[in-house]
Amino acid sequence: MSGAGLGWTRGHRAEAAAKLMVGWVALLWLLEVADAVSGHALDRFGVVPRTASELVDVVPAAFTHFGFAHVAANSVPLLVLGFLAALGGLRRFVAVCALIVVADGLGVWLVAPSGTNTAGASGLVFGLFGFLLVGGLVERRPLGVVVGVLVAAAWGGTVLAGVAPTQTGVSWQAHLIGLAAGVAAAFLFRRPATAPPPLTP
């Protein structure tokens, strides 16, 4: 699904990335509508820590939200950060998201306070932020570095506030674990640096 080898232009990759993220965010809203109509029956798909039966909710939790304000808060950063990350290839993007979602869900299951129920796409949002923040540096790509700087300027303050253990009702653990998983993904799924063209004498 990557553009490499398929003759995709940058425009094709951008179109595919945009369609994927618009569809992803639309799915989150549809699920929240279904949750509201069902009397919040989908809230049970959040992760309750250290309960063995809750391990099956590690992935669904990333698609479940506690109300429309919750999903609205995640929609714009997920749309923008996901679009930027998906421009590097859809196959790699899916792998990056899978790593972040699973690592974040398992981390929350292990370390979140007892009796809590954690759900939402914010762990993935923080993970994509971390992935884009360091991806250009890891791959030594100037454009990637510029993207990282822009992402830091736009959302850096929000991320710092989100990982601070001072907010009530917010899973800073999910944010911090997602951020760390995104940074790890930048190393695990890095592309080879583009070699400079050889110089002829």
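Given the structure is predicted, the values throughout are model-derived calculations rather than measurements.

Thresholds applied
- Residues numbered from 1 in each chain as written.
- Predicted model: local features only at pLDDT ≥ 70, side-chain atom pairs only at ≥ 80, totals over all residues.
- Heavy atoms only, no water.
- Helix = DSSP H or I, 4+ residues; strand = E, 2+ residues; numbered from the N terminus.
- Buried < 20%, exposed > 50% of the residue type's maximum accessible area, 1.4 Å probe, protein only.
- Contact = heavy atoms within 4.5 Å.
- Areas by Shrake-Rupley, 256 points an atom, 1.4 Å probe, with all protein chains shown as cover.
- Lys, Arg positive; Asp, Glu negative; His and termini not counted.
- Charge placed at Lys NZ, Arg CZ, Asp CG, Glu CD.
- Salt bridge = Lys/Arg side-chain N within 4 Å of Asp/Glu carboxyl O.
- Core = buried A, V, L, I, M, F, W, Y, C linked by side-chain atoms within 4.5 Å.
- pLDDT = per-residue confidence, 0-100.

As for the overall build of the chain
Across its full length, the chain carries six helices and zero strands. Of the regular secondary structure in the chain, the N- to C-terminal order runs α-α-α-α-α-α. Across its three principal directions, the C-alpha atoms of the chain cover 70 × 30 × 30 Å. Out of the 201 residues belonging to the chain, those deemed buried represent 40%. Taking contacts inside the chain between residues at least 6 apart in sequence as the whole, the part at least 24 apart equals 78%. Total accessible area on the chain is roughly 10,500 Å²; 73% of this is exposed by carbon and sulfur atoms. Of the charged side chains in the chain, 11 are positive and 8 negative, and the gap between their average positions amounts to 19 Å.

A closer look at the side chain of aspartate 43
Structurally, aspartate 43 can be placed in the loop between α1 (10-37) and α2 (68-86). Among buried charged residues, aspartate 43 stands out as having no salt bridge; its nearest opposite-charge side chain is arginine 44, 9.5 Å away.

A few points about unusual backbone geometry
Of note, the phi angle at arginine 50 is positive, near 55 degrees, even though the residue is not glycine. Counting through the fold element by element, arginine 50 comes out in the loop between α1 and α2. We classify arginine 50 as partly exposed; its relative accessible area is 40%.

Comments concerning the nonpolar core
Note that soluble globular proteins tend to have their nonpolar side chains buried in a common cluster. Trp24, Leu78, Leu81, Phe93, Leu124 and Leu128 are the most contacted members of the largest nonpolar core, which has 36 residues in total. Mapped by element, the contributors of at least two residues to this core are α1, α2, α3 (90-111), α4 (122-139), α5 (142-162) and α6 (172-188). A total of nine residues in this core trace back to one element, the largest contributor, which is α4. Ignoring sequence-local partners within four residues, the contact set of tryptophan 24 consists of Phe63, Leu78, Phe93, Cys97 and Leu124. Of all hydrophobic cores here, the second largest spans seven residues; its members include Val47, Val108, Ala112 and Ala174.

Examining the confidence of the model for the chain
With 92% of its residues at a pLDDT of at least 70, the chain reaches an overall mean of 93. Across residues 1-6, confidence stays below pLDDT 50; counting only partners more than four residues off in sequence or on other chains, it has eight contacts.

Brief notes about the environment of valine 159
Its place among the elements puts valine 159 in helix α5. Taking relative accessible area as the criterion, valine 159 reaches 8% and is therefore assigned buried. Remark: the alpha-carbon pair of valine 159 and leucine 27, spanning 132 residues in sequence, is separated by 24 Å. Discounting residues that sit within four places of it in the chain, valine 159 has contacts with Phe126, Phe129 and Leu179.

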